[in-house]
Amino acid sequence: MERRGEGSSYSRFLFLKMMVVMDVLISSKAGTAMSEHSLDTDKEILLNLKSFLEERNPINRGGYEKWNQTSSNPCDWYGISCSLDGARVTGIDLSDNRISGEMFQSFSALNQLRYLDLSKNTLQGKIPDDLSRCHNLVYLNLSHNLLEGALNLAGLTSLEKLDLSTNRFLGDLRLSFPAICNNLVVANLSINNFTGRIDNCFDGCKNLQYLDLSANDFTGYLWTGFSRLAEFSVSENYITGPISASSFEENCSLVALDLSENNIQGEVPMQISNCNNLVVLNLWGNNFIGPIPLQIGSILTLEGLLLGGNSFSRVIPETLLNLKNLAFLDLSRNNFGGEIQDIFGRFTQLKYLVLQGNLYTGGIVSSGIHRLPNIIRLDLSYNNFSSYLPVEISQMLSLKFLILAYNQFNGTIPPEYGNLSQLQALDLSNNGLIGSIPPALGNLSSLLWLMLANNSLTGEIPRDIGNCGSLFWVNLANNQLSGAVPHELTNIGRNASPIFESNRQSDHMIAGPSECLMTQRLLSVDGYTPFGSIYTIPTRKICRRMWNQLLKGYGFFPVCAMGSSVRRYQISGYIQLSGNQLTGEVPQDIGKMKNFSVLQLGSNEFYGKLPTEIGNLPVIVLNISGNRFSGQIPIEVGNMKCLRSLDLSRNNFSGTMPMQLNNLTELSNFNISFNPLLTGRIPERGQLATFGKESFLGNPLLHIPLFDLDDQLPPPPPPSNWQGENEIGMDGDGLNSGNGFSWEALLTGYGCGMVFGVAVFYITFRKGKPNWFVTMVDGIHQWKARKRNASRRGD
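All residue numbers refer to position in the chain's written sequence, counted from 1. Local features are withheld for residues below a pLDDT of 70 in this predicted model, meaning they are given only at 70 or higher, and side-chain atom pairs are given and counted only at 80 or more; totals for whole chains, interfaces and linings count all residues. Hydrogen atoms and water are omitted, and side-chain values are computed over all heavy atoms in the structure.

**Considering the environment of Ser 673**
Going along the chain from the N terminus, every DSSP run of H or I of four or more residues is numbered as a helix, and every run of E of two or more is numbered as a strand. Structurally, the position occupied by Ser 673 is in the loop between strand S45 (669-671) and strand S46 (677-681). We classify Ser 673 as buried; its relative accessible area is 4%. The spacing of Ser 673 and Asn 651 is 22 residues in sequence and 8.6 Å in space, taken between C-alpha atoms. Those residues in contact with Ser 673, other than ones at most four positions away along the chain, are Ser 649, Arg 650, Glu 694, Ser 695, Phe 696, Leu 697 and Asn 699. When a residue's accessible area, from a 1.4 Å probe over protein chains only, is under 20% of the maximum for its type it is buried; when over 50% it is exposed; and in between it is partly exposed. Between two residues, a contact is recorded if the distance between any of their heavy atoms is within 4.5 Å.

**Observations regarding the state of the cysteines**
Every disulfide links exactly two cysteines, by a covalent bond between their sulfur atoms. Pairs of cysteine sulfur atoms within 2.5 Å are what we label disulfides. All chains considered together, the criterion is met by three disulfides. Here Cys 181 is linked by a disulfide to Cys 205, with a sulfur-sulfur distance of 1.8 Å. On the criterion of sequence distance, the pair formed by Cys 181 in the loop between strand S9 (168-171) and strand S10 (186-188) and Cys 205 in the loop between strand S11 (193-197) and strand S12 (210-212) is long-range, its members being 24 residues apart. The class for Cys 205 is buried, based on a relative accessible area of 0%. In this model Cys 252 forms its disulfide with Cys 275; the gap between the sulfur atoms is 2.1 Å. Torsion about the S-S bond of the Cys 252 and Cys 275 cystine: about 95°, corresponding to right-handed handedness. Taken together, the positions of Cys 252 in the loop between strand S15 (238-242) and strand S16 (256-258) and Cys 275 in the loop between strand S17 (263-266) and strand S18 (280-282) put the pair 23 residues apart, joining distant regions of the chain. For Cys 201, which is in no disulfide, the shortest distance to another cysteine sulfur is to Cys 181 and amounts to 8.6 Å.

**Considering the packing of aromatic side chains**
Only the six-membered ring of Trp is used, alongside the rings of Phe and Tyr, when aromatic pairs are assigned; centres must lie within 6.5 Å, and planes under 30 degrees apart are stacked while those over 60 apart are edge-to-face, with the rest tilted. Under the counting rule described, the total for this entry stands at 28 aromatic pairs. With 6.1 Å between their ring centres and 70° between their planes, Trp 223 and Phe 232 make a pair best called edge-to-face. Classification of Phe 232 as buried rests on a relative accessible area of 1%. Between Phe 670 and Phe 691, the aromatic rings sit 5.5 Å apart at their centres with planes inclined by 45°, giving tilted as the arrangement. In this pair, Phe 670 sits in strand S45 while Phe 691 sits in the loop between S46 and strand S47 (702-703), placing the two residues 21 residues apart along the sequence.

**Examining the sheet that holds strand S32 (residues 458-459)**
Pairing is parallel across the open sheet formed by eight strands, whose spatial order is S32-S34-S38-S40-S42-S44-S46-S47. Each edge of the sheet is formed by a strand with only one pairing partner; in this case those strands are S32 and S47. Note on pairing: two strands pair once DSSP finds at least 2 bridges between them. Here strand S40 (residues 605-609) pairs with strand S42 (residues 628-631) via three bridges, running parallel. Counterpart to Gly 608 in the pairing with S42 is Phe 629.

**Structural notes on the pairing of strand S7 (residues 146-150)**
Where strand S5 (residues 122-125) lies against S7, two bridges are found, and the strand directions are parallel. Across the sheet, residue Gly 125 finds its bridge partner in S7, namely Leu 147. Where S7 and S9 come together, three bridges link them in parallel fashion. From the neighbouring strand, Gly 149 faces S9, where its bridge partner is Phe 169.

**Observations concerning the side chain of Asn 237**
With respect to the helices and strands, Asn 237 occurs in the loop between strand S14 (231-233) and S15. Residue classification places Asn 237 among the buried residues on the basis of a relative accessible area of 0%. Under the rule applied, a polar contact is a pair of N or O atoms within 3.5 Å (in protein, one hydrogen donor and one hydrogen acceptor; residues adjacent in sequence only if both atoms are side-chain atoms). From its side chain, Asn 237 meets the backbone nitrogen of Phe 218 in a polar contact 3.0 Å long. From its side chain, Asn 237 meets the backbone oxygen of Ser 235 in a polar contact 3.0 Å long.

**Notes on the nonpolar core**
To define a nonpolar core, start from buried Ala, Val, Leu, Ile, Met, Phe, Trp, Tyr and Cys residues and group those joined through side-chain atoms within 4.5 Å. Counting 172 residues, the largest nonpolar core has Phe 107, Phe 177, Phe 202, Phe 232 and Phe 344 as its most contacted members. For this core, the secondary structure elements donating two or more residues are helix H2 (39-56), strand S1 (80-82), strand S2 (89-93) and strand S39 (596-600). Ranked by residues supplied to this core, first place goes to H2 with six residues. Contact partners of Phe 344, with chain neighbours within four places excluded, come to Ile 316, Leu 329, Leu 331, Leu 353, Leu 355, Tyr 360, Ile 369 and Leu 372.

**Quick word on the side chain of Ser 332**
Checked against the element boundaries, Ser 332 lands in the loop between strand S22 (328-330) and strand S23 (338-339). Within the structure, the side chain of Ser 332 is placed 2.7 Å from the side chain of Asp 330, a separation counted as a polar contact. Excluding residues within four positions of it along the chain, Ser 332 makes contact with Trp 284, Gly 308, Gly 309, Val 354, Leu 355, Gln 356 and Asn 358.

**Considering the pattern of salt bridges**
Every case where a carboxyl oxygen of Asp or Glu lies within 4 Å of a side-chain nitrogen of Lys or Arg is listed as a salt bridge. By the definition in use, this model includes 12 salt bridges. Arg 504 is the salt-bridge partner of Glu 501, the closest N and O atoms lying 3.3 Å from each other. Taken as a pair, Glu 501 and Arg 504 lie in helix H3 (residues 497-505) at a separation of three residues, close to a single helical turn. In this structure Glu 501 comes out as partly exposed when scored by relative accessible area, which is 36%. Overall, Arg 504 belongs to the partly exposed group, its relative accessible area being 30%.

**Regarding the confidence of the model for the protein chain**
The pLDDT averaged across the protein chain works out to 85; a share of 81% of its residues lies at or above 70. Residue-level confidence of the predictor is what pLDDT reports, using numbers from 0 through 100. Contacts for the low-pLDDT stretch residues 716-778, under 50 throughout, to residues beyond four places or in other chains number 109 contacts.

**Looking at H3**
Within the span of H3, buried status applies to Ile 499, Phe 500 and Asn 503. Seen end-on, H3 carries its buried residues on one side only, within an arc spanning 95°. Comment: arc refers to directions from the helix axis out to C-beta atoms.

Okay, structure coming up:
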C-alpha cells in the first residue's frame, strides 16, 4: 500500500510539475505575444534598418546614422514619428538621405506604420513583396529613385497617397489597380516606363482626385472617367483616338487637364465647357483639327490655355477675349502662316504669348501685340519673319523674356531694346542681323541670358555689357566680332541675387512644352549640357522643374569649388564667344568669374599667355582651341578638379606640358593637338593615358610611350570659309578644323535627302515629338551662319 501511495504521490508530483512547466511555457509565450507589438520591438526593427542602410552606404550617410546615440526612445529619432500616446512607430521619413542599394525588406514588421517616405534617394531594384504587407500604410512616397520592375502593391488597401514618380517601373498597372483604389486620393505614377491601357484601370477609384500618368508608354484610348477628378495628366504618352463628348460630364470637377503630347485625334468637343472650374487646359502636341471651340470662352476661370502643336484652323474665336483671367496662351506650331492675327493684339490680360513655329512672315506691329500692357514673355521664334527687328517692341516695358530666334530678321539690333528694364532673357540668335551690339544693352540690369549667336554682327563687344551684373548666360558665337575682350566683361554674373529673389517672390508661372525646348537651347553650349548626364531627353516635367529652378537661382547640377573636387549645388553660367575674330590677350580678371562653369573662346585670334588666374574658375568645360596662345600652359589648369572637357589644340603653346593635368581625374574629353613646340613626356598611367592618338597629333617634341607620332603630318591649312567649331551640339571637341573634314560637304550631301527623310519620319513617327528635328534645324542654321559670314569676309 505504501508503495502504491508513494507511487500515487509521485504521480501527483509529476503532474503538478508538468502543469507548472506548461504554465511557464504559456506565460512565456503570452509574454512574447504581448511584446511582439510594442515600441521596443519597433525600436529593434529600426536598428535593423539602420544596420541595413549603413552596410550599403559606408560613406555620406543620412540622419539615420544618429539613431540611438542621444536618445534610446525611437520617437525622438531623426525622421521617425510615433502615435499620439508614444506607444508605436507610425512614420518614417528618410527622403533625400543619400540612401542607395535595395529596399529594406522588413517594413511590414512595423505593423502600425502609416507613413513611409524614401523619396529623392538612389534606391535600386524591385519593390520587395514585404512592402505590400504594410496594410495600415496611408502614405507612400518612393519618387525620384532608380526602382524598377513590375508594380504589385495589391495589399496596400488603406493607401490614400501614392507617389512613385521618376523611377524605372514598367509593365501593366492592373496588378495594383483597381486593387488599391478604395481609399486612394492621390496617385502620381509619372516619369516611368509603364505600358498597357488605362481606359478601365481607375473606374473603381471613387475617391481619386489627383492622377498623374505623364511621361510613360501607355497606349490605347483615353480613360473616360477623368472629368470627376480635380487634376488629370496623361501627357507624353501614346494615347490615341478621339475624345468622347461624354467624357465631359455636366458635373465636371476638373481644375487642371493635361492631355499634351499624345496622338489624340479629331475635334475638341464643345462639351469641354462643362468643366467650368478649369484653370489650366493643355492639349498641346496632338493631332487635333478643326476650329477652336467657341465654348472655351465660357470657362471664365481659365488661366492657362495651351493648344499648340496641333492643326487648328487659323480663326481665333472672339469668345476667348472673355477669359479675363487668361495669363498664358500657347498657339505655337499650328502652321498658321501669313500675318499674325489681329486678335492677338486685343488679349490685354495676357502675360505669356507663345506663337513660335507658325511660319508667320509679318504682323508683329500691325497686329498690335507690341502694345499688350502686361506681357512678360513673347516667343515668336522659329517663324519666317524677314524684316528689320521692330523697334516698337521696346514699348513692352513689362517684358522679361523676348525670344525671336530662328527667323530671318535682318538689319541692326535697335538700341531702344536697352529700355526694356525688366528683361531677363534676350534671344535673337540664328537670324541675319548685322552691325554692332548696341552699348545700350548694358542698361539691362535684370538680364540673365544674352543670346546673339549665329548672326553677322561686327565690331567690338561693348564694355557696357559689363554693367549687366546679373548676366549668367552669354552666347555670341559665330559672328564677326573683333577687337579685344573688354576687362569689364569679367564683371558679369557677380550680383544676380536681387533678380533671383524677385523671381522667387513672383506668382506661380505656368510652364508649357516650349519651356523644354528653350531650357535645352539656353543651357546647351558646344555639345555640353549640364543635365545631359542625368536625363538623356528630359521630359517636359523635368524641363519645367529645371526652368523654375534656373529663374529662381537654384542650382540643379553640382559645381566644384576652386582647387577641390568637392561639389555643391549652385547656379552656374557660361560664356560662349567662339567662331569670331576676337583678338588681344584674355583679361587677367577672368579669374574673378567664379559663377561660370563653361568657357568657350575657340576659333578666334587671341594671343599671348593664358592667364594663370584661369585656374581659379570652377569650370567643367574649357575650350580655347584655334587661337594663337603662346608660352607655357599654366600649371594652375591642373587645379580645375572637376574639368570634364579641355581643348587647347591649334595654338602655339611651348615648354613642358604640365603634369598636373594628369590629376584631372574627371577629364573625358582632352585635346592638345597641333602645339608643335610643346615638350615633355606623357605618363603611361593616369588620366592622360586614357586618351587616344588624336588628342596629341602635331606635337613632334612630345614623347608618348603609348603610341608613335613620328609619321604624323602637319595640320592642313583651314579652308577659306572656315569658321571653327559649331555653336551648339556639333563637334564639341573641336577636331573638325584640323583634319580636312567639312561640315558644308556633309550637310550639302544630306540636304537632298532631307525632305524625303523628314517625310518618312513623319509617317513612321506620327507621335510628332520634334526634338531630333529641332536639333537638325539648329545645325543647319549654324552652318548657314558660318557660310554667310565667310562669304562676307571674302567680299
